[in-house]
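Residue-level structure breakdown
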Amino acid sequence: MRAPILKLLLVASVSGASLAQAQTAAPAPQTAAVSPVAIKQREQELEAARASKKSAEEAQAKLKAEITALGQDRTQLNQQLIDTAANVRSVETKIDEAEARLRTLNGREQQMRGSLDSRRADIVEVLAALQRAGRRTPPALLVRPEDALQSLRTAMLLGAVVPELRGRAEKIASELGELVALRKHIAAERDQLATDRDKVRNDQTRLTALVDERQRQQASREKDLDAENSRAIALSRQVGDLQGLIAKMEQDLQSAAKAAEKAAEAAKQAEAKAAANASAKPGPGAFKDRSRTTPAIAFAAAKGLLPLPVNGNKIRDFGGSDGLGGVQKGISLASKPGAQVTTPCDGWVVYAGPFRSYGQLLILNAGGRYHVLIAGMERISVNIGQFVLTGEPVATMGSTSQVASILATNASQPVLYVEFRKDGTPIDPGPWWAANEGEKVRG
């Protein structure tokens, strides 16, 4: 029992000392000329970089060709957009969870290292005692009676000391073993985190290409798109509040007015359909048709089915303080920098652009006199008049807060503001959100 404990303690002690020396040692100055081996190594690295660049270019060309082919089928394009956006958000969640686990594990490691460091003297004492005990040879019991008596006294003394020494050694060995296992766990978590980050980068690249294709098709259908967007920005400067902005867009802007008309007509059809099937309660399956050009169900009937538009933590709720002495008219979600924003519902875009203290603002007409407002993104990827499906990617977050009313909370954290309105009045969006992640709509 003693030998394995001694070996573990000695190895841990030597490893710890080596680690400390490696961490504190200053780098040696590099004054010698570059060796042929180093030159060859750099040439190999350059060749590997060229091969990697060529591979990336080939993958990009393949992706472009695939998405161009998809573009011929709007249903397939919608399917790919929504599925890829869902994958991005799913991996974003996994990354957040892994980072949280790593923070906990790193904290435990620091505590264990601190505990062992604080008892360094005790560890040294135990190591020294075990080494001495290992080198001591048994006395010659049959040489002289005095030797026998001394042996008995020594045995009595060791009988009292060894159990305590063994207990201390076993406790230290147990802590060191736990520390080794913890480090392996941390390494595995870091490897998985790196894999997830590579995956989300690949999915984001694909999503960007899909969004570009969607917007290219939209631009080809709407010849005056740039002029409409410029006119929308000009009109937004003439109004001072959100209700005025919605009214101005849907009255004075041709594309927004058409969208409002389509929303009103679709709402009538949805209400008539709901009345005819009053006993049937809609579920997530209602959103599966990717070829739809009108809302799958009436907005009022979508309670308990809609997904939050971004992964994040709710920092302000409807009806609470807005941090500036007023009342919160929507909800605020703190997200990660660069997080993907998707639509919480079907609807037509009636405004997409900057607006006063809201930063980048997106307004959807969901039909039935309902509007959904989303603000605080860094970039919006849809245009006025466009119909979007639940779960479709429409924007990305920046690296800091873009909404002025959130600056009092934490200006360094991206925050998405979401507001639901009925007949121009803000309403509590709580009843519309899916009860849990498993029930959230992905499109």
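Each remark here, short or long, concerns the structure printed above.
Rules used in this analysis
- Residues numbered from 1 in each chain as written.
- Predicted model: local features only at pLDDT ≥ 70, side-chain atom pairs only at ≥ 80, totals over all residues.
- Heavy atoms only, no water.
- Helix = DSSP H or I, 4+ residues; strand = E, 2+ residues; numbered from the N terminus.
- Buried < 20%, exposed > 50% of the residue type's maximum accessible area, 1.4 Å probe, protein only.
- Areas by Shrake-Rupley, 256 points an atom, 1.4 Å probe, with all protein chains shown as cover.
- Pairing = 2+ DSSP bridges.
- Salt bridge = Lys/Arg side-chain N within 4 Å of Asp/Glu carboxyl O.
- Arc of directions from axis to C-beta.
- Core = buried A, V, L, I, M, F, W, Y, C linked by side-chain atoms within 4.5 Å.
- Contact = heavy atoms within 4.5 Å.
- Phe/Tyr/Trp six-rings, centres within 6.5 Å; stacked < 30°, edge-to-face > 60°.
- Lys NZ or Arg CZ within 6 Å of the ring centre and 35° of its normal.
- Axes fitted to C-alpha atoms, helices over the stretch in contact; angles between N-to-C directions.
- Parallel < 35°, antiparallel > 145°, perpendicular 65-115°, else oblique.
- Left-handed = near helix turned anticlockwise from the far one by under 90°.
- Nonpolar A, V, L, I, M, F, W, Y, C, P; charged D, E, K, R; others polar.

Moving on: the overall build of the chain. Across its full length, the chain carries 9 helices and 11 strands. Evaluated residue by residue, the chain yields a buried proportion of 39% over its 443 residues. Carbon together with sulfur atoms contributes 54% to the accessible area of the chain, which is approximately 24500 Å² in total.

Read from one edge to the other, the open sheet built from 3 strands follows the order β3-β9-β7, with strand pairing classed as antiparallel. Two strands lie at the open edges of the sheet, namely β3 (340-342) and β7 (379-380), each paired on one side alone. Of the strand pairs in this sheet, β7 and strand β9 (residues 393-396) are connected by 2 bridges, and their pairing is antiparallel. By the bridge assignment for β9, Ile380 is matched with Ala395.

For the structure on display, the rule yields 17 salt bridges. A salt bridge links Asp252 to Lys248; its shortest N-O distance comes to 3.2 Å. In this pair, Asp252 and Lys248 both sit in helix α7 (residues 242-252), 4 residues apart, roughly one turn of the helix. The network of salt bridges with common partners includes Asp96, Glu99, Arg197 and Lys336.

Residues of α7 that are buried: Leu242, Leu245, Ile246 and Met249. Along the axis of α7, the buried positions cluster into a sector of 100 degrees, meaning they face one direction only.

What follows concerns the pairing of strand β10 (residues 415-422). For β10, the buried fraction is high: 7 of the 8 residues fall into the buried class. In the sheet, strand β2 (residues 331-334) pairs with β10 via 4 bridges, with the strands oriented antiparallel. Counted as the bridge partner of Ser332 is Tyr417 from β10. Two elements, strand β6 (residues 370-377) and β10, share 6 bridges in a ladder whose sense is antiparallel. Looking across to β10, one finds that His371 is bridged to Arg421. Looking at chain direction, β10 and strand β11 (residues 425-427) are connected through 3 bridges and run antiparallel. Along β11, the bridge assignment pairs Arg421 with Pro426. Between β10 and β11, which pair antiparallel in sequence order, lie 2 residues; one of them, Asp423, sits at a positive phi of approximately 55 degrees.

Moving on: the nonpolar core. Ranked by size, the top nonpolar core spans 34 residues in total, and within it Phe299, Val341, Leu362 and Met377 carry the most contacts. When contributions to this core are tallied by element, the ones reaching two or more residues are β2, β4 (347-354), β5 (360-367), β6, β9 and β10. Per-element tally for this core: the top contributor is β6, with 4 residues. Sequence-distant contacts of Met377, that is, excluding residues within four places in its chain, are made with Val341, Gln360, Leu361, Leu362, Ala395, Thr396, Met397, Gln402 and Leu416.

What follows is about the packing of aromatic side chains. Summed over all chains, the structure comprises 9 aromatic pairs. When the centroid spacing of 6.2 Å and the interplanar angle of 25 degrees are considered together, the rings of Phe355 and Tyr358 count as stacked. Judged by centre distance (5.9 Å) and plane angle (80 degrees), the ring pair of Phe420 and Trp432 falls under edge-to-face. Pair noted here: Phe420 is in strand β10 and Trp432 is in the segment after β11, with a separation of 12 residues, a long-range link. A residue is classified by how much of its surface remains accessible, and Phe420, at 0% relative accessible area, is buried. For Trp432, a relative accessible area of 4% translates into the label buried. Among the aromatic residues, those joined into a ring-pair cluster are Phe299, Tyr370, Phe420, Trp432 and Trp433. Residue placement shows Lys303 over the ring face of Trp432; its charged tip is 4.9 Å from the ring centre.

Further remarks concern the packing of helix α6 (residues 225-236) against α7. Interhelical geometry of α6 versus α7 gives an angle of 140 degrees and a closest axis separation of 10 Å. Taken together, the axes of α6 and α7 lie oblique to each other. Classified by chirality, the crossing of α7 by α6 is right-handed. On α7, the residues that touch Arg231, Ala232, Leu235 and Ser236 of α6 are Leu245, Lys248, Met249 and Asp252. When the residues that make up the contact of α6 with α7 are grouped by side-chain class, the tally is 4 nonpolar, 1 polar and 3 charged.

All right, on to the side chain of Ser381 then. By the element assignment, Ser381 lies in the loop between β7 and β8 (387-388). For Ser381, a relative accessible area of 10% corresponds to the buried category. In this view, Ser381 contacts Val211, Arg214, Gln215, Pro393, Val394 and Ala395; residues no more than four positions away in its chain are not counted.

The analysis is restricted to geometry; functional conclusions fall outside its scope.
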